[in-house]
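# Summary of the model geometry
Listed below are the residues making up each chain.
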Amino acid sequence: MKKFFKIILAVVLVVVLLLAIGYCFIAIKGIPSYTAQTVTVKVSHTPQNVERGLRLASVLCIKCHTGNNSNQLTGREMFDMPPEFGKVYSSNITQHQQYGIGKWTDAQLVYFLRTGVKPDGTYAPIWMPKFVKMSDEDLFSIIAYLRSNHPSVQPAEAVTQKCEPSWLAKFLCNVAFKPLPYPEAPVPEPDTNNLLAYGRYLVAGRFDCFPCHSADFKTVNVFEPEKSEGYLGGGNLLLNEAGAPVYSANITMDAETGLGKYDFEQFAKALRYGNSPHGPLRYPMFPYTILDDLETKAIWTYLNSVPKIKNDVSKKYTSSK
Ligand code: HEC
Ligand code: HEC
């Protein structure tokens, strides 16, 4: 019997030792690096493209990259990131040669925005979105804006603070979060005459509505968005400016728990002006004032085609207390 306990003890010790080694290994190794491929892109820097890119960046980049007390994209602390990932800072992406992205080529920027891998091989995980389904024209126009003479991207001497990822973030980057593959073929423009296809593109490609509006960022399927858990059914835990929970809304057409009882006008007011039938919408949902009528109509058409999900998001507030 004594021998039996000795064996058990030895096994437990070995397991504890292995776990400790694993823990230290991840803590020291940190977020893995990769090799950035060289790709060729042709960005056209016309005034029209700069304008188009500014419009997209105003909803896709500026909220995270604008510095505190600054009108420029100098980076800031991401207070609205889940604290279990550690301390996260967005980068200075002005044209400064040393502190910003002045030295990056257009191709390096495109490669990073698609995959998450920087020119030096370091990888930006979940806290920096990847624009996988965005058309080349849309993505390239954002680059044109970053290179333009718009005041928000002129060289600013602000040092990007280094992210301090938690052990959990490092662990997830070793087992789950990996760079996304670079598209093998050009990503075409959507057909704007087909409202359904255009709407799908807007929700899953151009404006990236679905990661926030599905069940959880960790179960989002970027390649086949509809396969994300709870696709557009809301309930994803997000944080407001003060770090308090705000759950994303169910934007399927379920009559009781989604948008099923809204008419188009009510939907458009909520989406474009943050004015929902049940009151003003809170951060991190902000008014998409830049949307034009066709985009709004297309998103509505597409949302009407998505399978309804019954998910009463309001219940989450009480159950989490
Ligand atoms: C949800 C917040 C968020 C949004 C939205 C966002 N970023 Fe970022 N971005 C970050 C964070 C955080 C980092 C730092 C990542 C790291 O170093 O691990 C980053 C890093 C970068 C970098 C790398 C800079 C460097 O020097 O390492 C570039 C370039 C960049 N973002 C461009 C963009 C562009 C362009 C957009 C819009 C199309 C955008 N980002 C949208 C949060 C965001
Ligand atoms: C950063 C995450 C995020 C993104 C991106 C986002 N949303 Fe939201 N959205 C939310 C949150 C959180 C709420 C709930 C706000 C509240 O309860 O006050 C919300 C609320 C809404 C509502 C109001 C629902 C209601 O019950 O009145 C609509 C409609 C909506 N979003 C549509 C969209 C569409 C369409 C897009 C893309 C163009 C989008 N959202 C992008 C987080 C996001």
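Residues numbered from 1 in each chain as written. Chains lettered and ligands numbered in written order. Predicted model: local features only at pLDDT ≥ 70, side-chain atom pairs only at ≥ 80, totals over all residues. Heavy atoms only, no water.

Our next topic: the site of ligand 1. The environment of ligand 1 is formed by 22 residues, the closest being Cys61, Cys64, His65, Lys118 and Met128. For ligand 1, an oxygen atom lies 2.7 Å from a polar atom in the side chain of Lys118. Between ligand 1 and Trp127, the relevant distance is 2.9 Å, taken from an oxygen atom to a side-chain nitrogen or oxygen of the residue. Elements represented by at least two residues in the shell around ligand 1 include exactly helix H3 (62-65), helix H4 (106-115) and helix H5 (136-146). With 3 residues, H4 is the largest single contributor of residues to the shell around ligand 1. For the shell around ligand 1, a count of residues per class yields 18 nonpolar, 3 polar and 1 charged. (Near = heavy atom within 4 Å. Polar contact = N/O pair within 3.5 Å; in protein donor to acceptor, adjacent residues only side chain to side chain. Helix = DSSP H or I, 4+ residues; strand = E, 2+ residues; numbered from the N terminus. Nonpolar A, V, L, I, M, F, W, Y, C, P; charged D, E, K, R; others polar.)

Here the focus is the site of ligand 2. Among the 23 residues in the neighbourhood of ligand 2, the closest are listed as Cys209, Cys212, His213, Tyr262 and Met285. Within the side chain of Tyr262, a nitrogen or oxygen atom sits 2.6 Å from an oxygen atom of ligand 2. For ligand 2, an oxygen atom lies 2.8 Å from a polar atom in the backbone of Arg282. Among the secondary structure elements, those contributing two or more residues to the shell around ligand 2 are helix H8 (210-213), strand E4 (245-247) and helix H9 (264-273). Within the shell around ligand 2, the residues separate by chemical class into 17 nonpolar, 4 polar and 2 charged.

Here we come to the side chain of Ser276. Along the polypeptide, Ser276 turns up in strand E5 (residues 275-276). A residue is classified by how much of its surface remains accessible, and Ser276, at 6% relative accessible area, is buried. Side-chain polar atoms of Ser276 contact the side chain of Tyr262, separated by 3.5 Å. If we ignore the near neighbours within four places in the chain, the residues touching Ser276 are Tyr262, Ala270 and Leu281. (Buried < 20%, exposed > 50% of the residue type's maximum accessible area, 1.4 Å probe, protein only. Contact = heavy atoms within 4.5 Å.)

Attention now goes to the pattern of salt bridges. With the rule as written, the count across this model stands at 16 salt bridges. Residues Arg147 and Asp106 are paired through a salt bridge, measuring 2.8 Å at the closest nitrogen-oxygen approach. Remark: Asp106 occurs in helix H4 and Arg147 occurs in the loop between H5 and strand E2 (164-165); sequence separation between them is 41 residues. A residue is classified by how much of its surface remains accessible, and Asp106, at 19% relative accessible area, is buried. Notably, a salt bridge pairs Arg272 with Asp293, separated by 2.9 Å at the nearest N-O pair. Here the residue Arg272 occupies a position in helix H9, and Asp293 occupies one in helix H10 (residues 293-303), the gap between them amounting to 21 residues. With relative accessibility at 13%, the residue Arg272 sits in the buried group. Relative accessible area serves as the criterion here: at 56%, Asp293 is assigned to the exposed category. (Salt bridge = Lys/Arg side-chain N within 4 Å of Asp/Glu carboxyl O.)

Let us look at the domain arrangement of the chain. Put simply, an interface is often sized by how much accessible area is lost when its parts join up. Here the chain is partitioned into domain 1 (47-175) and domain 2 (195-319). Each of domain 1 and domain 2 was reduced to a C-alpha centroid, and the two centroids are 24 Å apart. Taken residue by residue, the interface counts 20 residues in domain 1 and 20 residues in domain 2. Carbon and sulfur atoms make up 60% of the area that domain 1 and domain 2 hide from each other, which totals about 1,600 Å². When residues of domain 1 are sorted by the area they lose upon contact with domain 2, Arg55, Val59 and Lys133 head the list and together hold 37% of the total. Across the domain 1-domain 2 interface, the total number found is 2 salt bridges. With a closest N to O distance of 2.5 Å, Glu295 and Arg55 form a salt bridge. (Domains from an automatic or database assignment. Buried area = accessible area lost by both parts, 1.4 Å probe.)

A separate point is the coordination of the iron atom of ligand 1. Around the iron atom of ligand 1, the protein contributes the donor atoms His65 (NE2) and Met128 (SD), which lie 2.0 to 2.2 Å from the metal centre. One can describe the site at the iron atom of ligand 1 as octahedral: its 6 donor atoms subtend angles covering 86 to 180° at the metal. Pair noted here: His65 is in helix H3 and Met128 is in the loop between H4 and H5, with a separation of 63 residues, a long-range link. Among the residues examined, His65 registers a relative accessible area of 10% and is labelled buried. According to the relative accessible area criterion, Met128 is buried, its value standing at 15%. (Donors = N, O, S within 2.8 Å, 3.2 Å for Na, K, Ca; no water. Tetrahedral: all angles 85-135°; square planar, octahedral: opposite > 155°, others 65-115°.)

Another aspect to go through is the packing of aromatic side chains. In the structure shown here, the tally under the stated rule is 13 aromatic pairs. Seen in terms of ring centroids, Phe4 and Phe5 are 5.8 Å apart; in terms of plane orientation they differ by 65°. Their pairing is edge-to-face. On the basis of relative accessibility, which here comes to 52%, the residue Phe5 falls in the exposed class. Positioned above the aromatic ring of Phe264 is the side chain of Lys297, whose terminal nitrogen or guanidinium carbon lies 4.2 Å from the ring centre. (Phe/Tyr/Trp six-rings, centres within 6.5 Å; stacked < 30°, edge-to-face > 60°. Lys NZ or Arg CZ within 6 Å of the ring centre and 35° of its normal.)

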